[in-house]
Amino acid sequence: MINQREQWGSKLGFILAAAGSAVGLGNIWKFPYLVGENGGAVFILLYLFGVLVVGIPAVIAEILIGRTARKNPVGSFRSLTRGNPFWVSIGFLGVLAGFVILSYYNVIAGWSLGYIIESLKNVFAPMENPEKAAALFGSLSASARWSVFYSFGFMVLSVIIIMFGVQKGIEKSSKFLMPLLLIFIVILVMRGVTLPGSMKGIKYLIKVDFSAIRPQTVLLALGQAFFSLSLGMGALMTYGSYMSKKDDIAGCAVNIVALDTLVALLAGFMIFPALFALGMQPEQGPALIFNILPVLFNSIPGGYLFRILFFILLSIAALTSTISLLEVITAYVVDEFKISRKIATICFGFIVFLIGIPVALSFGLISDLKIFGLNFFGIMDFLASNILLPLGGLLISIFVGWVWKKDQVYSNLREGLKISEPLLNLWFFLIRFVVPVIILFVFLSSIGIF
Ligand code: TRP
């Protein structure tokens with residue numbers, strides 16, 4: 001038993017854990033402001049297209065690699081290619097992306113934790129306009145003490161969960177946190193849509209205005225679908241490596257993607273009806289959640305409580321993602337260097353926290369330090385979202401579609417599979433031709449090539 005790899009206790013546990021990885025700040029912070037900046041319903045429509053055509057096939061591909069090889073991303077590529085150095089380095093790129101993303105993601109996650117406390121202290125109550133909240137956000141995020149303290153706190157939470165391992169840590173916490181997240185978001189949606197004047201916001205989310213489409217909108221929607229599903233860096237590969245060969249990969253993938261999409265849509269319905277009801281414009285950008293919302297709650301009956309609920313929701317969403325990022329790093333270190341899980345988690349959690357300190361400081365002390373016009377946070381986000389993830393996703397789809405032997409792909413995927421043969425062929429067609437081409441377009445445009 002000693003060297004046996006842990007497995008999920010149940011299929012539901014795996015689905016909730018993987019959906020937890022996918023559902024994160026991307027759904028609740030980024031998706032709504034992208035919708036707001038890009039024409040509402042039309043952006044949502046393009047996003048759904050991306051999720052269906054790129055998302056589901058790519059999720060299946062990543063889980064398949066992990067489940068077949070039963071290893072971390074580096075070990076998986078090593079065992080499937082008999083140690084081909086190119087592919088092994090692609091696995092390594094994934095682990096590196098995990099480092100990069102976790103280091104800045106954890107800082108924002110820390111803010112959401114800090115905002116639970118600020119909300120409890122009711123500091124937003126006397127604010128009558130978003131400028132005041134923006135000023136407070138500016139001073140909190142610029143305060144090294146405040147933001148480093150909460151990012152440390154958040155990392156401690158992730159480390160504790162990951163130390164307990166796959167079943168007792170990740171699965172158990174996801175089975176508790178994900179239903180809680182769904183309950184909280186439904187409560188907040190109901191609060192938003194029952195406000196007088198919310199109908200305008202609902203219309204904004206469902207009435208498609210095709211004139212709002214720009215080429216950029218398409219690329220942003222596809223890129224967001226990709227980021228939101230935690231694709232391109234081996235997170236799903238790692239979670240897939242703990243999956244039983246008896247379970248249906250395609251069925252799980254559809255459930256994971258559906259949950260992630262549902263939460264993104266609910267986040268839209270949580271925010272825009274309230275925003276419109278209170279007479280605000282949708283194009284608020286990244287400041288939406290920390291600058292606008294806290295004040296918005298002042299005009300809402302029961303606002304004090306709903307505000308606290310909102311930041312707990314945001315923290316839960318972030319936590320189920322940070323643990324999956326930390327698990328990618330942990331699985332790599334445990335598999336490859338035979339270090340115990342506890343020691344690996346503590347050491348690497350701490351290292352990533354240290355890398356995150358300049359990210360936290362880039363909103364204050366070192367905000368003038370800029371490369372290509374980006375602060376340290378911007379650089380990390382650009383490196384991960386625009387380079388490492390698309391590149392990883394592109395190569396993963398090329399690997400499954402072109403490099404791995406087709407009969408191997410089919411026979412491994414067939415284990416436990418419950419979908420029909422034509423659907424299986426459709427999946428293979430998408431992963432071979434459609435997914436890599438679309439990712440390539442998004443990638444080239446995001447680095448400014450066209
Ligand atoms: N999907 C996460 C979100 O929506 C962000 C993310 C991207 C991520 N890649 C990841 C999370 C890899 C975990 C692992 O917020």
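Residues numbered from 1 in each chain as written. Predicted model: local features only at pLDDT ≥ 70, side-chain atom pairs only at ≥ 80, totals over all residues. Heavy atoms only, no water.

### Overview of the overall build of the protein chain
Here comes step 1: When you go through the protein chain residue by residue, the secondary structure sums to 18 helices and zero strands.
Here comes step 2: Taking 450 residues into account, the globule formula puts the C-alpha radius of gyration at 22 Å, and the protein chain, at 21 Å, falls close to it.
Here comes step 3: The principal-axis extent of the C-alpha atoms belonging to the protein chain is close to 65 × 50 × 45 Å.
Here comes step 4: Burial statistics for the protein chain: of 450 residues in total, 60% are counted as buried.
Here comes step 5: A total accessible area of about 17700 Å² is found for the protein chain, and carbon and sulfur atoms account for 70% of it.
Here comes step 6: On the protein chain, the mean spot of the 31 positive side-chain charges and the mean spot of the 20 negative ones are 5 Å from each other. (Helix = DSSP H or I, 4+ residues; strand = E, 2+ residues; numbered from the N terminus. Rg over C-alpha atoms; globule rule 2.2 N^0.38 Å. Buried < 20%, exposed > 50% of the residue type's maximum accessible area, 1.4 Å probe, protein only. Areas by Shrake-Rupley, 256 points an atom, 1.4 Å probe, with all protein chains shown as cover. Lys, Arg positive; Asp, Glu negative; His and termini not counted. Charge placed at Lys NZ, Arg CZ, Asp CG, Glu CD.)

### Considering the packing of helix H5 (residues 85–120) against helix H15 (residues 341–361)
Describing two packed helices takes the angle between their axes plus the distance from one axis to the other.
Here comes step 1: The N-to-C vectors of H5 and H15 enclose an angle of 65 degrees; their axes lie 8 Å apart at closest approach. Viewed along their axes, H5 and H15 form a crossing whose handedness is right-handed. Each of Phe99, Leu102, Ser103, Tyr104 and Val107 in H5 lies in contact with H15, whose residues at this interface are Phe348, Ile351, Val352, Ile355, Gly356, Val359 and Ala360.
Here comes step 2: Per-class residue counts for the contact of H5 with H15 are ten nonpolar, two polar and no charged. (Axes fitted to C-alpha atoms, helices over the stretch in contact; angles between N-to-C directions. Left-handed = near helix turned anticlockwise from the far one by under 90°. Contact = heavy atoms within 4.5 Å. Nonpolar A, V, L, I, M, F, W, Y, C, P; charged D, E, K, R; others polar.)

### Some points on the site of the ligand
Here comes step 1: With respect to spatial proximity, 16 residues lie near the ligand, and among them Ala22, Gly26, Tyr105, Phe227 and Ser228 are the closest.
Here comes step 2: Note that an oxygen atom of the ligand is positioned 3.3 Å from one of the side-chain N or O atoms of Asn27.
Here comes step 3: Considering the ligand on its own, with 360 Å² of exposed area, one finds that the protein chains cover 100% of that surface.
Here comes step 4: Contributing elements (two or more residues each) for the shell around the ligand: helix H1 (11–22), helix H2 (25–37), H5, helix H10 (215–228) and helix H14 (303–337).
Here comes step 5: Class assignment of the residues belonging to the shell around the ligand gives a composition of eight nonpolar, eight polar and no charged. (Near = heavy atom within 4 Å. Polar contact = N/O pair within 3.5 Å; in protein donor to acceptor, adjacent residues only side chain to side chain.)

### A few points about helix H3 (residues 41–69)
Here comes step 1: In this model H3 runs 40 Å from its N-terminal to its C-terminal C-alpha over 29 residues, within 8% of the 42 Å that 1.5 Å per residue would give.
Here comes step 2: Maximal helix bending in H3 amounts to about 35 degrees, located at Gly55; proline Pro57 follows within four positions.
Here comes step 3: Of all 29 residues that make up H3, 25 are buried, and the element is covered over most of its length.
Here comes step 4: At the exit of H3 stands Arg70, carrying a positive phi of roughly 55 degrees. (Expected span 1.5 Å × (residues − 1). Bend = angle between axes of the 7 residues up to and from the residue.)

### Describing the packing of aromatic side chains
Here comes step 1: Scanning all chains against the criterion turns up 38 aromatic pairs.
Here comes step 2: Here the aromatic rings of Trp111 and Phe363 are separated by 4.9 Å at their centres, their planes lie at 80 degrees, and the arrangement is edge-to-face. A residue pair is termed long-range when its members are at least 10 positions apart, and Trp111 in helix H5 and Phe363 in the loop between H15 and helix H16 (376–403) qualify at 252 residues.
Here comes step 3: The class for Trp111 is buried, based on a relative accessible area of 5%.
Here comes step 4: Centre to centre, the rings of Trp402 and Phe433 are 5.5 Å apart; their planes meet at 90 degrees, and the pair counts as edge-to-face. Placement of Trp402 in helix H16 and of Phe433 in helix H18 (residues 421–446) is noted, with a sequence separation of 31 residues between them.
Here comes step 5: A relative accessible area of 45% means that Trp402 is categorised as partly exposed.
Here comes step 6: The partly exposed category is assigned to Phe433, whose relative accessible area is 40%.
Here comes step 7: In this structure, Lys30 packs its charged tip against the face of Phe227, placed 4.6 Å from the ring centre. (Phe/Tyr/Trp six-rings, centres within 6.5 Å; stacked < 30°, edge-to-face > 60°. Lys NZ or Arg CZ within 6 Å of the ring centre and 35° of its normal.)

### Considering the pattern of salt bridges
Here comes step 1: Across all of its chains, the model carries seven salt bridges by this definition.
Here comes step 2: Of the charged contacts, one joins Asp335 and Arg5 as a salt bridge, the two residues approaching to 3.0 Å between their closest N and O atoms. Residue Asp335 is located in helix H14, and its partner Arg5 is located in the segment before H1; the two are separated by 330 residues in the primary sequence.
Here comes step 3: Overall, the relative accessible area of 14% leaves Asp335 in the buried class.
Here comes step 4: Across the pair Arg414 and Glu421 runs a salt bridge whose closest N-O atoms are separated by 2.5 Å.
Here comes step 5: Using a relative accessible area of 41% as the deciding quantity, one classes Arg414 as partly exposed.
Here comes step 6: Its relative accessible area of 38% is what places Glu421 among the partly exposed residues. (Salt bridge = Lys/Arg side-chain N within 4 Å of Asp/Glu carboxyl O.)

### A closer look at helix H12 (residues 249–277)
Here comes step 1: Its 29 residues place the ends of H12 42 Å apart at the C-alpha level, agreeing with the 42 Å of an ideal helix rising 1.5 Å per residue.
Here comes step 2: Of all 29 residues in H12, 21 are buried, a share of seventy percent or more.
Here comes step 3: Between the side-chain oxygen at the start of H12 and the backbone nitrogen of Ala250 there is a gap of 3.2 Å, and the oxygen is on Asp248.
Here comes step 4: Of the residues trailing H12, Gly279 is marked for its positive phi of about 75 degrees.

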